[in-house]
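Coordinate analysis (summary)
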Amino acid sequence: MTEQNENVAFDPIRCEKATTLLQQGVSCYPHGFERTATVAEIRERFESIGHDPADERFALAGRLYTVRNHGKTVFADLGDETGRMQVYIRKNDLGDELFTRFVELFDRGDIIGVRGRPFRTKVGELSLWVDELQLLCKTLTDLPEKFHGLKDTEKRYRQRYLDLVMNERARETFRVRSRIISFIRSFLTERGYLEFETPTLQPIYGGANARPFTTHHHYLDQTLFLRIAPELYLKRLVVGGFERVFEVSKNFRNEDIDSSHNPEFTMVEAYEAYRDYHQMMDLTEELVLRLVETTHGSTSLVYGENTLEFAHPWRRMTMEEAVREYAGIDVLALSLEELARIAAEHRIPDCAKATHQREHLILFFEFFVESRLIQPTFIHDFPVENSPLAKRHREKEGFTERFELFINGMELANGFSELNDPRDQLERLLTQDRRRLEGDLEAQMIDHDFINALALGMPPTGGVGIGIDRLVMLLTDHASIKEVILFPQMKTARESEPAEE
RNA sequence: GGGCUUGUAGCUUAGUUCGGUAGAGCGACGGACUCUUAAUCCGUAGGCCAAGGGUUCAAAUCCCUUCAGGCCCGCCA
């Protein structure tokens, strides 16, 4: 019997009830129900109804969240996707057989369909006066406690369905997430962008500095990597003549898991020909502002303890200016010895390896500035050393036309004037590959096909990638990325282990 | 990788300081109740306290190990 399978959480009493229902000729899993309204629709239409029931009957369907049994009358709360509504059920109206079946064999958590007329109870609650009722799905497990609900964080992540059933906040978060992604798609589409899908399984990974997941294709007998970014493929499309492209992509990075990192995460990357990084900052700023307005009806929002303001214009400063402002250090005006001394004084990590002022600049920026960028801020003009895919700056030697967007100390977006000089790109990837072979687990591979694509000519192009998970965190006021990913990566709980070997 | 911290009934939890046979609410089960809404009232069952080991006459409680979480730091542009 399935009920005896130890990996299954069936409640024996509910199983018995299901069996009894079947014996009575009642299907526990019927094939449909003619629903004529949602809870929200009835709430809207009968907002001002009084105690007398409406003339019109409606059919509602949903899950039983609470049942208050008064003997020959029952109040219950029925919840569908749009909300909950109280239903009023009387023995008089249903008849003995159906009423008894409902009271004895239906449980909290079951999904039912009801028909009846809206009215307002004596204490003023809009309800449905039920005269007909039907089981739509018999539940075989208990629901969490009705008042405290489900709080256990781990359980909420591992059994997200249960979280969604119990917690409106969780439902709202993922509703917003879905809307954000739709909004991004229409925002870009309206501006003439085409959405494409590029490979998730890649023979050579690239487009970011990160450790990849490795897998193997049996038929090809070949190693493949899960993509860490779609960048190099999207640029091939720009080479091919698509001048505005984007992809909402799942990327996979084989790194640590913490409150802002999940091994698979969602990004949108967009590329537009004949644009530069200034214009991509404009695009990013407009997109995020419009998202904030759409989700909050305002240009500002509260995130944790901070109120963030997104109205134009956002602050834009170079990395060099940022370090000067936040740390009072003019990195490029100091000698390597002086920089090393400051680094030692503040115990700034990794400075021992830095062989150039520009490398100190990056480290100083991360140490002194990053976490203090609360309001939306673009930092631009990054050293060439850590920007292998960005075009060299039109004026500043040793720098690239790259920007990152920081909000609440988090990196939200990264973009640049795309490097389209194939010889320069080859040089930079050769440097990356050298580092990789020297043991840098996050350095990039050389993708010769990509370089050959550039050799065919890519127009001057601006590109940007925006981390959607972090954007959702921001827009839903969550501190952990696990709250905004439906099924975050969790270590597999071992099932009872037979002691072998 | 480092620090702190959590795991007790289906759910929410008390008990851990200072060792002495595990307590509650909700839920479930049985009963009463035809306008309740965390319904109410009466009654019943349900836990070897995450797992393993140790100390002890005696361990949920003290010690060690392991497992799975959470928070912070490091790392990850």
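Predicted model only: the values in this text are computed from it and were never measured. (Residues numbered from 1 in each chain as written. Chains lettered and ligands numbered in written order. Predicted model: local features only at pLDDT ≥ 70, side-chain atom pairs only at ≥ 80, totals over all residues. Heavy atoms only, no water.)

**Considerations on the overall build of chain A**
Along chain A, the regular secondary structure elements total 15 helices and 18 strands. For chain A, the proportion of its 501 residues judged to be buried stands at 50%. The contacts in chain A between residues at least 6 apart in sequence include a share of 66% that link residues at least 24 apart. Accessible surface, chain A as shown: approximately 25,500 Å² in total, 49% of it carbon and sulfur. One way to put it: in chain A the 63 positive side-chain charges average out to a point 4 Å from where the 85 negative ones average out. (Helix = DSSP H or I, 4+ residues; strand = E, 2+ residues; numbered from the N terminus. Buried < 20%, exposed > 50% of the residue type's maximum accessible area, 1.4 Å probe, protein only. Contact = heavy atoms within 4.5 Å. Areas by Shrake-Rupley, 256 points an atom, 1.4 Å probe, with all protein chains shown as cover. Lys, Arg positive; Asp, Glu negative; His and termini not counted. Charge placed at Lys NZ, Arg CZ, Asp CG, Glu CD.)

**A short note on the protein's contact with RNA strand B**
Near RNA strand B there are 52 residues, and of these Lys17, Asn92, Val123, Lys146 and Arg402 occur at the shortest range. When atoms of RNA strand B within 4 Å of the protein are split into backbone and base, the sugar-phosphate part holds 54%. Take lysine 491: an N or O atom from its main chain is 2.5 Å from a phosphate oxygen of RNA strand B. Contributing elements (two or more residues each) for the surface near RNA strand B: helix H1 (12–23), strand S1 (58–69), strand S2 (73–80), strand S3 (83–90), helix H5 (153–158) and strand S16 (399–407). With four residues, H5 is the single largest residue contributor to the surface near RNA strand B. Here the residues of the surface near RNA strand B sort into eleven nonpolar, 15 polar and 26 charged. (Near = heavy atom within 4 Å. Polar contact = N/O pair within 3.5 Å; in protein donor to acceptor, adjacent residues only side chain to side chain. Nonpolar A, V, L, I, M, F, W, Y, C, P; charged D, E, K, R; others polar.)

**With respect to the packing of aromatic side chains**
Counted by the stated rule, this structure contains 15 aromatic pairs. On the numbers, 4.8 Å between centres and 25° between planes, the contact of phenylalanine 75 with tyrosine 88 is stacked. Within this pair, whereas phenylalanine 75 is found in strand S2, its partner tyrosine 88 is found in strand S3, the two being separated by 13 residues in sequence. Each member of the pair, phenylalanine 75 as well as tyrosine 88, carries the same accessibility label: buried. With a centroid separation of 5.7 Å and an interplanar angle of 45°, the aromatic rings of tyrosine 88 and phenylalanine 119 are classed as tilted. With tyrosine 88 in strand S3 and phenylalanine 119 in strand S4 (residues 111–120), the pair connects residues that are 31 residues apart, well separated along the chain. By relative accessible area, phenylalanine 119 is classed as buried at 2%. Just above the ring of phenylalanine 187 sits the side chain of arginine 191; from NZ or CZ to the centre is 3.6 Å. Positioned above the aromatic ring of tyrosine 233, the side-chain terminus of arginine 236 is 4.5 Å from the ring centre. (Phe/Tyr/Trp six-rings, centres within 6.5 Å; stacked < 30°, edge-to-face > 60°. Lys NZ or Arg CZ within 6 Å of the ring centre and 35° of its normal.)

**Looking at the nonpolar core**
Ile180, Ile184, Leu188, Val268, Leu291, Phe310 and Leu471 are the most contacted members of the largest nonpolar core, which totals 44 residues. Element by element, the count of residues in this core is highest for helix H9 (residues 277–296), at nine residues. Sequence-distant contacts of leucine 471, defined by excluding residues within four places in its chain, comprise Ile180, Ile184, Val288, Leu291, Leu412 and Ile466. (Core = buried A, V, L, I, M, F, W, Y, C linked by side-chain atoms within 4.5 Å.)

**A short note on empty space enclosed by the protein**
One way to see where empty space is left: roll a probe the size of a water molecule over the atoms. As enumerated under the stated definition, the model contains one cavity of 30 Å³ or more in all. Size it by volume and the largest cavity reaches roughly 50 Å³. Lining the largest cavity, in full, are Phe187, Leu188, Val268, Ala270, Leu283, Thr284, Leu287, Val464 and Ile466. Ranked by residue count, the leading element in the lining of the largest cavity is H9, at three residues. Across the lining of the largest cavity, the residue classes tally to eight nonpolar, one polar and no charged. (1 Å grid on protein atoms, 1.4 Å probe; cavity = no way out; pocket = protein on both sides within 12 Å on 5 of 7 lines; lining within 4 Å. Points joined across faces, edges and corners; volume = space filled by probe spheres on them.)

**Examining the pairing of strand S8 (residues 214–217)**
Two strands pair when backbone bridges link them, and S8 and strand S9 (residues 222–226) are joined in this way by four bridges, in the antiparallel orientation. When the sheet's bridge partners are listed, threonine 214 is paired in S9 with phenylalanine 225. (Pairing = 2+ DSSP bridges.)

**Regarding the domain arrangement of chain A**
The domains assigned to chain A are domain 1 (12–143) and domain 2 (166–200 + 229–314 + 375–483). Taking only C-alpha atoms, the centre of domain 1 and the centre of domain 2 are 48 Å apart. (Domains from an automatic or database assignment.)

**Overview of the sheet that holds S2**
The strand order around the closed barrel built from five strands is S1-S2-S3-S5-S4, with neighbouring strands paired in mixed fashion. Geometrically, the sheet is characterised by an average inter-axis angle of 55° between neighbouring strands, direction not taken into account. With eight bridges joining them, S2 and S3 adopt antiparallel strand pairing. Within the sheet, the bridge partner assigned to valine 74 lies in S3 and is isoleucine 89. (Axes fitted to C-alpha atoms, helices over the stretch in contact; angles between N-to-C directions.)

**Some points on the sheet that holds S9**
Ordered by their spatial adjacency, three strands build an open sheet running S7-S9-S8, and the pairing between neighbours is antiparallel. Of all the strands in the sheet, just strand S7 (201–202) and S8 have a single pairing partner and so form its edges.

**Let's talk about the packing of helix H7 (residues 168–190) against H9**
For the pair H7 and H9, interaxial distance at closest approach is 11 Å and the crossing angle is 140°. Relative to H9, H7 is oriented oblique. In this structure, H7 crosses over H9, and the sense of that crossing is right-handed. Side by side, H7 and H9 meet where Val176, Ile180, Phe183, Ile184, Phe187 and Leu188 of the first sit next to Leu283, Glu286, Leu287, Arg290, Leu291, Thr294 and Thr295 of the second. (Parallel < 35°, antiparallel > 145°, perpendicular 65-115°, else oblique. Left-handed = near helix turned anticlockwise from the far one by under 90°.)

**Here's the deal with unusual backbone geometry**
Following histidine 312, the chain continues into proline 313 via a peptide bond in cis, with omega recorded as -10°. Here aspartate 221, not a glycine, exhibits a phi torsion of approximately 50°, which is positive. Along the chain, the position of aspartate 221 falls in the loop between S8 and S9. Judged by its relative accessible area of 59%, aspartate 221 is exposed. Positive phi outside glycine occurs at asparagine 408, with the angle close to 55°.

**Thoughts on the environment of asparagine 408**
On the secondary structure map, asparagine 408 appears in the loop between S16 and strand S17 (410–417). When the C-alpha positions of asparagine 408 and arginine 316 are compared, they lie 15 Å apart, and in sequence the two are 92 residues distant. Apart from residues no more than four positions distant in its own chain, asparagine 408 is found in contact with Tyr303, Asn306, Leu308, Leu373, Ile374 and Leu474. A polar side-chain atom of asparagine 408 sits 3.0 Å from a polar atom in the side chain of asparagine 306.

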